[in-house]
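One-letter residues, chain by chain:
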Amino acid sequence: MKKLILFLVLLNVFFGCISLKTKENVRSQNQYLSIKVDTILNDSISIRAILFDKKSVWYSADKGRFGFVNLINKQKFEAVINQDSLQSEFRSIAQTDASIFVLNVGNPARIYKISKDTKIPKIVYYEKNKRVFYDSMQFWNDKEGIAIGDPIDNCLSVIITKDGGNLWKKLSCFNLSKVEEGEAAFAASNTNIIIKESKTWVVSGGKKSRVFYSKDKGRSWKVFDTPIIQGSAMSGIFSADFYSKKTGFAVGGNYDNQNDNLNSKIRTVNGGKTWELVGINHAFGYASCVQFVPNKKGKQLVSVGTSGVYYSFDFGETWKKILEDPDLYTIRFENENVAIAAGRNKIIRIHFNTVK
């Protein structure tokens with residue numbers, strides 16, 4: 001079933017006394033945005049992690065499920081992994097050229113490597129601990145990958161592979177930045193890890209919400225403070241994205257008070273060393289995922305969360321709700337005009353059209 005949703009949005013940005021030059025710039029940024037939504041999967045399912053592979057979107061989900069939907073003909077493949085009578089909740093997904101990897105939350109932690117050809121999964125990592133909880137997974141290239149999770153000792157859990165995902169090794173806390181008491185991460189949308197070439201950013205939340213940065217694929221780390229709301233177990237950064245090695249954006253908020261939009265959005269222009277609050281007391285509070293729109297010079301963003309889907313033309317200064325859907329958890333762009341979003345009981349495709 002297709003739903004056609006047309007929005008005529010005129011963004012009003014900046015007000016008060018401004019120069020003629022600034023007014024001209026603002027006028028040039030006023031744009032109309034229309035979208036079309038196409039449902040490509042409708043099922044009883046919870047999906048927090050997706051990725052593109054050629055003409056398909058792969059997903060990992062609850063009840064031990066993983067699969068993909070062909071974006072051309074909407075044909076679906078789905079399989080269930082039952083290990084020791086446990087139905088895992090997979091909230092992380094990553095890929096190499098030949099394989100898909102899914103990682104569950106909770107104890108015991110297991111990474112499954114799934115052949116794209118045979119669709120047969122095999123365990124390549126296992127960790128048992130009452131405190132184990134992995135949140136996100138990504139690959140730098142076809143050989144090297146990383147997954148992160150909540151701290152068991154005094155650092156975030158970080159595991160790395162260097163052989164295409166066959167063997168994963170957990171880093172010692174001796175080599176990692178220490179966490180503060182009550183600092184962890186959120187498995188909201190598989191966007192706790194952001195990778196640009198060899199550079200890696202990992203975001204945390206909770207009583208302390210910071211950005212952990214590695215310039216060398218996890219061999220060394222620094223940590224930077226952020227001004228986002230924090231201090232309670234369910235507050236902080238839930239998602240981040242980088243448009244370039246310098247330009248980044250993060251969202252989150254307070255899950256226990258989801259309408260609080262005072263300090264829920266932050267941005268950086270120096271690679272995450274410093275962050276500033278933006279969109280204060282504006283638009284959404286809590287959000288589970290944010291992504292830069294490709295090929296828009298780092299100015300346009302989309303977020304999803306319980307208050308709906310929001311679009312920004314101006315690097316997060318102002319936002320406009322474009323879709324009233326509280327059940328989307330994660331979103332990824334196929335290109336600058338098409339994004340796939342997933343969440344509770346659905347995967348949808350959003351077509352964007354902007355005109356000045």
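Scroll up a little and you will see the structure.
Since the model is a prediction, treat every value here as computed from it, not as a measurement.

With respect to burial, strand S23 (residues 248–254) is a largely interior element, 7 of its 7 residues being buried. Here S23 shows two buried faces, one formed by Gly-248, Ala-250, Gly-252 and Asn-254 and the other by Phe-249, Val-251 and Gly-253. Of the strand pairs in this sheet, strand S22 (residues 235–242) and S23 are connected by 7 bridges, and their pairing is antiparallel. When the sheet's bridge partners are listed, Ala-240 is paired in S23 with Ala-250. As judged from the 4 bridges shared by S23 and strand S24 (residues 265–268), these two strands associate in the antiparallel manner. If you follow Gly-248 over to S24, its bridge partner there is Thr-268.

The tally for this structure, following the rule as stated, stands at 18 salt bridges. Lys-116 is the partner of Asp-53 in a salt bridge, and the nearest nitrogen-oxygen pair spans 3.0 Å. Placement of Asp-53 in strand S2 (residues 32–53) and of Lys-116 in the loop between strand S10 (109–115) and strand S11 (121–127) is noted, with a sequence separation of 63 residues between them. Accessibility assignment for this pair places Asp-53 and Lys-116 in one class, buried. For Lys-76, the salt bridge goes to Glu-78, with nearest N and O atoms at 3.6 Å. Looking at Lys-76, the relative accessible area reads 40%, which means it is partly exposed. Accessibility expressed as a relative area gives 28% for Glu-78, which makes it partly exposed.

What follows covers a positive patch on the surface. Together, Lys-215, Lys-222, Lys-246 and Lys-273 make up a positively charged patch on the protein surface. Tracing the backbone through its elements, the reader meets Lys-246 in the loop between S22 and S23.

Moving on: the sheet that holds strand S27 (residues 301–305). Taken together, the 4 strands give an open sheet; going across it, the order is S26-S27-S28-S29, and neighbouring strands pair in antiparallel fashion. Strands with a single pairing partner mark the edges of an open sheet, and in this sheet they are strand S26 (289–292) and strand S29 (320–323). Pairwise comparison of adjacent strand axes, ignoring direction, gives a mean angle of 25 degrees for this sheet. Note: strand S28 (residues 308–312) against S29, 3 bridges, orientation antiparallel. Bridging across to S29, Tyr-310 finds its partner in Lys-321.

What counts as what
Residues numbered from 1 in each chain as written. Predicted model: local features only at pLDDT ≥ 70, side-chain atom pairs only at ≥ 80, totals over all residues. Heavy atoms only, no water. Buried < 20%, exposed > 50% of the residue type's maximum accessible area, 1.4 Å probe, protein only. Helix = DSSP H or I, 4+ residues; strand = E, 2+ residues; numbered from the N terminus. Pairing = 2+ DSSP bridges. Salt bridge = Lys/Arg side-chain N within 4 Å of Asp/Glu carboxyl O. Patch = residues over 30% accessible without salt bridge, like charges linked within 9 Å, V, L, I, M, F, W, Y side chains within 5 Å. Areas by Shrake-Rupley, 256 points an atom, 1.4 Å probe, with all protein chains shown as cover. Lys, Arg positive; Asp, Glu negative; His and termini not counted. Charge placed at Lys NZ, Arg CZ, Asp CG, Glu CD. Axes fitted to C-alpha atoms, helices over the stretch in contact; angles between N-to-C directions.

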